[in-house]
Amino acid sequence: MTQLLAGKVVFITGAARGQGRNHAIRLAQEGAAVIAVDVCASVSEDVGYAAATEADLDETARLVRAEGREIVTAVADVRDLEALRAAVASGVEKFGRLDVVIANAGIATWNRFWEMPEEQWSTLVDINLNGVWRTMAAAVPSMIEAGNGGSIVIVSSAAGVAEAPGCAHYSAAKHGLVGLARTAATELGSFDIRVNSIHPGAVETEMGNDPNVGKVLTAHPEYMNSYKWPLTSVPRTTVEDISNAVVYLATDLSRAVTGTKIVIDMGQTMA
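About the thresholds
- Residues numbered from 1 in each chain as written.
- Predicted model: local features only at pLDDT ≥ 70, side-chain atom pairs only at ≥ 80, totals over all residues.
- Heavy atoms only, no water.
- Helix = DSSP H or I, 4+ residues; strand = E, 2+ residues; numbered from the N terminus.
- Rg over C-alpha atoms; globule rule 2.2 N^0.38 Å.
- Buried < 20%, exposed > 50% of the residue type's maximum accessible area, 1.4 Å probe, protein only.
- Contact = heavy atoms within 4.5 Å.
- Areas by Shrake-Rupley, 256 points an atom, 1.4 Å probe, with all protein chains shown as cover.
- Lys, Arg positive; Asp, Glu negative; His and termini not counted.
- Charge placed at Lys NZ, Arg CZ, Asp CG, Glu CD.
- Pairing = 2+ DSSP bridges.
- Right-handed = clockwise from strand over helix to strand, strands pointing away.
- Axes fitted to C-alpha atoms, helices over the stretch in contact; angles between N-to-C directions.

### Remarks on the overall build of the chain
Here's step 1: Of regular secondary structure, the chain possesses 7 helices and 7 strands.
Here's step 2: Shown N-terminal to C-terminal, the secondary structure of the chain runs as helices and strands in the order β-α-β-α-β-α-β-α-β-α-β-α-α-β.
Here's step 3: Taking 271 residues into account, the globule formula puts the C-alpha radius of gyration at 18 Å, and the chain, at 18 Å, falls close to it.
Here's step 4: Projected onto its principal axes, the C-alpha coordinates of the chain cover approximately 50 × 35 × 35 Å.
Here's step 5: Within the chain, the fraction of its 271 residues that count as buried is 52%.
Here's step 6: A fraction of 77% describes how many contacts in the chain between residues 6 or more apart in sequence connect residues 24 or more apart.
Here's step 7: As displayed, the chain offers around 12100 Å² of accessible surface, 52% of which is attributable to carbon and sulfur atoms.
Here's step 8: Separation of charge centres in the chain, based on 21 positive and 31 negative side chains, amounts to 5 Å.

Here is the structure:
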């Protein structure tokens, strides 16, 4: 069976579990070596779900190796540009190239925008928006220098194409990623590097099962008008659904696709 990423190298943030781990496994199955980073720690007291750990990142590494592929891991915060640069440099030194970036790391917290402390707003935006910029800033020079082209997949959200009452900072950051993706696609086009964003709806992960969601929607049931039921019989997406889109965008299957959005939400954000 032909592997779509044979000989290629992928850099993934937020890879310790959930979507990031599954992306690492799927891309390894397609033949890629992996550079995987995660903060492996709590980043905010406002986050309502348990943080990933170094043991989780080790398990991602084990699962990638079980697919017969090599992996380099690093504990790194996407708020630390130098740590991201070091992780990329370590991976490129080992594997000799970098072809694909999956900017996946992110958090979710909940509050009405005028009631949240400034720190709650700024921490999330610094991770979910600025952290993607740092990821790309750390990775793109190696991609350009190699001269092999490549693909960058930015993990936004359904909240990046629609309103998300109860988490305006999250929606603002995820909308911001669309502008970043489109602009980066233009700036990197001459280097044959494609940039696209994906927009998952509710996904079966730790973040997707945050208990704070229910608290906010119970307190403000009128917000449910924005969180519509899916059009399909399946109530929510799985990590595999999201990885299918990542594989498509990471490989030559999508060689003519750049500067676009792929929404993966069972039709929930359709107007």
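### As for the pairing of strand β5 (residues 150-155)
Here's step 1: Of all 6 residues in β5, 5 are buried, a share of seventy percent or more.
Here's step 2: Here 4 bridges tie strand β4 (residues 100-103) to β5, and the two strands are oriented parallel to one another. The residue of β5 that forms the bridge with Ile 102 is Val 153.
Here's step 3: Handedness of the β4-helix α4 (residues 118-146)-β5 crossover: right-handed.
Here's step 4: The sheet contact formed by β5 and strand β6 (residues 193-200) spans 6 bridges and is parallel. From the neighbouring strand, Val 153 faces β6, where its bridge partner is Asn 196.
Here's step 5: Viewed along the sheet, the connection from β5 through helix α5 (residues 168-188) into β6 turns out right-handed.

### Focus: the pairing of strand β1 (residues 9-13)
Where a strand is regular, its side chains alternate between the two sheet faces.
Here's step 1: Within β1, 5 of the 5 residues are buried, leaving the element largely enclosed by the surrounding structure.
Here's step 2: Residues of β1 alternate between two faces, with Val 9, Phe 11 and Thr 13 on one and Val 10 and Ile 12 on the opposite face, all of them buried.
Here's step 3: Sheet topology note: the β1/strand β2 (residues 33-38) ladder contains 5 bridges and is parallel. The residue bridging Ile 12 from the neighbouring strand is Ala 36, located in β2.
Here's step 4: Once you follow β1 into helix α1 (residues 18-29) and on to β2, the crossover reads as right-handed.
Here's step 5: Pairing of β1 with β4, which is carried by 3 bridges, proceeds in the parallel orientation. Across the sheet, the residue bridging to Phe 11 is Val 101, located in β4.

### A few points about the sheet that holds strand β3 (residues 71-75)
Here's step 1: What the 7 strands build is an open sheet, ordered β3-β2-β1-β4-β5-β6-β7; its pairing is parallel. Either end of the sheet is taken by a strand with one partner, and the two such strands are β3 and β7 (261-264). On average, each strand axis in the sheet is tilted by 15° relative to the strand beside it, whichever way the strands run.
Here's step 2: Packing against the sheet, α5 makes contact with β5, β6 and β7, and its axis sits at approximately 165° to β6.
Here's step 3: Across the face of the sheet, helix α7 (residues 239-250) comes into contact with β4, β5, β6 and β7 while running at roughly 165° to β6.

### Some thoughts on the environment of Ala 103
Here's step 1: Looking at the secondary structure, you find Ala 103 in strand β4.
Here's step 2: Sequence separation of Ala 103 and Val 78 is 25 residues, and the distance between their C-alpha atoms is 9.6 Å.
Here's step 3: Setting aside residues no more than four positions away along its own chain, Ala 103 makes contact with Thr 13, Val 132, Thr 135, Val 153, Ile 154 and Val 155.

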